[in-house]
Amino acid sequence: MAHKHTLYKKQVADIRPVADGVFTLSFIRDFSFKAGQVVAIDLVPDGKPRMYSIASGENEDCIEILFDEKKNGKLTPFLSKLKVGDTIYASEPFGTFRTDVGKGYWIASGTGIAPFISALRSGMIEQKTMMHGGRFDVNFYYSALIEKLLPTKNYVRCCSKQDDTQYYKGRLTQWLKAEVNLPKDAKYYLCGSPEMVVEVRDILISAKIPFQNIISETYF
Amino acid sequence: MKTNLFGLTPFQLKEVVVTLGLPSFTATQLAEWLYKKQVYSFVEMTNLSRQTREKLETNYTIDLTPATKVQTSTDGTKKYLYTTLTAKFIEAAYIPDADRATLCVSTQIGCKMGCLFCMTGKQGFQGNLSAAEILNQIQSLPEYAELTNIVYMGMGEPLDNLEAVLDSIEIMTSDKGYGWSPKRITVSTIGIIPAMITFLEKSQAHLAVSLHSPFDDERREIMPIQNVYPITEVIREIRRWELGRQRRISFEYIMFKGINDTARHANELVRLLNGIKCRINLIRFHPIPDTPLEGTSEAGIVNFQNLLKAKGLTVTVRASRGQDIFAACGLLSTKELLKKQQETDF
């Protein structure tokens, strides 16, 4: 019986590197979706697919994902070598990591920015702030798009490893700990590694943000 | 590096003997020595020929690791700390009772799921355990002979490490393994649907689903997994399964004061589980450091239990065990991890 985790054959419409070992991959969209949803992807129809947040907008023709190549990974070393026209298998979009209307902070590390890019591309711009942690300046994916869509004050980049970064030098968690003006009535959306999500959530909770206002998604 | 034979399924042992050019019945003999007779030295495997034992000795090892630390509660609960091959820490809790003795085993080092109420989640994720490392917690337990039940409810999300969990259950339940009944084994999950389907297909062990809130929006505030696999879809999938009389589904429900313990929650829980033959296990919450959550009072738990019972649900309240040694999973190993990090920092 087909259900939402069933995989369907797709052709790669575009694949390109965006930083060392990090790629965007897209394929034609056959399903509608909501920003924040994920797709399960594999190279075979009955394997063990991995999930990726959609980075494209709800009304765009393609579904785009952002992934980093894990050296010993079972899928990404092969995904990164795909070419336009190659076959992949993808599920229909699923999940409920949506962004609500109103004041909201998107907090992401690395490729965890993808669901928020989808929200931005879907027109959710009002009262939103993006906080992104990356190791080097090149790891601030989609920065041109974000700069175009969000006011400068609403886009924070924290660079942990590059001494001559043009952005905040330090970890995202350092920046958050030093920030005293985090509104209690805003929603905070966290996406990234489990370590990052748990650490950021603890910082927000210690800053008296109600846990009900913190919505998280971890990579797994 | 030699491969560890302990933790290989009967089928995997067969692959080993084929690789070594040994007769296939050697796999059955090996399984018997490892899992039935619990002999861990090739020399003592007396029904194997000398050449066979030498071949095995040259290529393989049999490694079990004793616990490095144990804490004993006044109620008899014991928490064992194991150091993994990668120098990480995992723990297993032995919980003796009047008529049973349960071991709660870990399946991962840390966890990826990031549940708000969980201490293990604060470690982040450091790796999966192999089937051998899962079984080692059972076999190396000093009270092994007393065990009546195994629950996969320690550190980690078992269905995020499905292959090793299924292999370990296969070894526990196979006639060529320990020969336990799958009815004595329960695997807990927060509801990773595709893995849950595979588990239900491939195993006969019981399933316990961590529910904790019947409302999608409220559950996602405490359990990030809800954003990917909503509980309503998990329940919908469970409804599709004919589980028979022998197999039990239970729902774990940690009670948080003012968060999930109201009549509104009880009513929705009844609606959500309507028609599913199951048990709801209410669990007292013992706060972890820096948590914004509080546990429901004893009176509140009884009240909630009565609301559910009045609607015909089977509801139990899990006895709190080992409170004086912080027996909730993740506490001991997190302490060890922090200690190690501090030592490293200096």
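Residues numbered from 1 in each chain as written. Chains lettered and ligands numbered in written order. Predicted model: local features only at pLDDT ≥ 70, side-chain atom pairs only at ≥ 80, totals over all residues. Heavy atoms only, no water.

## Some points on the overall build of chain A
Here is step 1 of the chain: When helices and strands are counted, chain A shows 5 helices and 12 strands.
Here is step 2 of the chain: For chain A, whose C-alpha radius of gyration is 17 Å, the value lies close to the compact-globule estimate of 17 Å for 220 residues.
Here is step 3 of the chain: Seen along its three principal axes, the alpha-carbon backbone of chain A occupies a region of about 50 × 40 × 30 Å.
Here is step 4 of the chain: When each of the 220 residues of chain A is scored for burial, the buried share is 54%.
Here is step 5 of the chain: Expressed as a percentage of contacts within chain A between residues at least 6 apart in sequence, the contacts between residues at least 24 apart total 68%.
Here is step 6 of the chain: About 10,200 Å² of surface is accessible on chain A, with carbon and sulfur atoms providing 51% of the total.
Here is step 7 of the chain: Side-chain charges of chain A comprise 29 positive and 25 negative groups, with the mean position of each set lying 3 Å from the other. (Helix = DSSP H or I, 4+ residues; strand = E, 2+ residues; numbered from the N terminus. Rg over C-alpha atoms; globule rule 2.2 N^0.38 Å. Buried < 20%, exposed > 50% of the residue type's maximum accessible area, 1.4 Å probe, protein only. Contact = heavy atoms within 4.5 Å. Areas by Shrake-Rupley, 256 points an atom, 1.4 Å probe, with all protein chains shown as cover. Lys, Arg positive; Asp, Glu negative; His and termini not counted. Charge placed at Lys NZ, Arg CZ, Asp CG, Glu CD.)

## Quick look at the sheet that holds strand S9 (residues 155-159) of chain A
Residue and element names in this part refer to chain A.
Here is step 1 of the chain: Pairing within the open sheet is parallel, and its 6 strands lie in the order S10-S9-S8-S7-S11-S12. Looking along the sheet, the strands with just one partner apiece sit at the ends: strand S10 (168-169) and strand S12 (214-218).
Here is step 2 of the chain: In this sheet, S10 lies alongside S9 in parallel orientation, the contact comprising 2 bridges. Its bridge partner being in S10, Cys159 is matched across the sheet by Lys169.
Here is step 3 of the chain: Lying on the sheet, helix H2 (residues 114-121) is in contact with strand S7 (104-109), strand S8 (128-134) and strand S11 (187-192); it crosses S7 at an angle near 140°. (Pairing = 2+ DSSP bridges. Axes fitted to C-alpha atoms, helices over the stretch in contact; angles between N-to-C directions.)

## Concerning the environment of Gly76 of chain B
Here is step 1 of the chain: Looking at where Gly76 of chain B falls in the secondary structure, it is placed in the loop between strand S3 (69-72) and strand S4 (78-83).
Here is step 2 of the chain: Once the C-alpha coordinates of Gly76 of chain B and Ile95 of chain B are considered, the two residues, 19 residues apart in sequence, prove to be 7.1 Å apart.

## Concerning the pattern of salt bridges
Here is step 1 of the chain: A full pass over the atoms with the stated rule returns 23 salt bridges over all chains.
Here is step 2 of the chain: The partner of Lys122 of chain B in a salt bridge is Asp202 of chain A, and the shortest N-O contact between them spans 2.9 Å. In this pair, Lys122 of chain B sits in the loop between strand S7 (108-110) and strand S8 (125-128) while Asp202 of chain A sits in helix H5 (residues 194-206), so the two residues belong to two different chains.
Here is step 3 of the chain: Here Glu54 of chain B and Arg50 of chain B are joined by a salt bridge, their closest N and O atoms 3.1 Å apart. (Salt bridge = Lys/Arg side-chain N within 4 Å of Asp/Glu carboxyl O.)

## A word on the packing of helix H4 (residues 131-139) of chain B against helix H5 (residues 162-173) of chain B
Residues and elements named next belong to chain B.
Here is step 1 of the chain: Packing of H4 against H5 leaves a shortest axis separation of 8 Å and a crossing angle of 50°. Relative to H5, the element H4 is oriented oblique. H5 is crossed by H4, and the crossing has right-handed handedness. Each of Ala131, Ile134, Leu135 and Ile138 in H4 lies in contact with H5, whose residues at this interface are Ala164, Val165, Asp167, Ser168, Ile171 and Met172.
Here is step 2 of the chain: Here the contact of H4 with H5 is composed, by residue class, of 8 nonpolar, 1 polar and 1 charged. (Parallel < 35°, antiparallel > 145°, perpendicular 65-115°, else oblique. Left-handed = near helix turned anticlockwise from the far one by under 90°. Nonpolar A, V, L, I, M, F, W, Y, C, P; charged D, E, K, R; others polar.)

## Brief notes about the packing of aromatic side chains
Here is step 1 of the chain: Inspection of the entire model under this criterion finds 16 aromatic pairs over all chains.
Here is step 2 of the chain: Between Phe220 of chain A and Tyr229 of chain B, the aromatic rings sit 6.5 Å apart at their centres with planes inclined by 65°, giving edge-to-face as the arrangement. Taken together, the residues Phe220 of chain A in the segment after S12 and Tyr229 of chain B in the loop between helix H7 (216-222) and helix H8 (231-239) connect one chain to another. No difference in accessibility class separates Phe220 of chain A from Tyr229 of chain B, as the two residues are buried.
Here is step 3 of the chain: Site record: aromatic cluster; members linked through ring pairs are Phe6, Tyr35, Tyr40, Tyr144 and Tyr178 of chain B.
Here is step 4 of the chain: Residue placement shows Lys37 of chain B over the ring face of Trp33 of chain B; its charged tip is 4.0 Å from the ring centre.
Here is step 5 of the chain: One residue, Lys112 of chain B, lies across the ring of Phe125 of chain B, its end atom 4.6 Å from the ring centre. (Phe/Tyr/Trp six-rings, centres within 6.5 Å; stacked < 30°, edge-to-face > 60°. Lys NZ or Arg CZ within 6 Å of the ring centre and 35° of its normal.)

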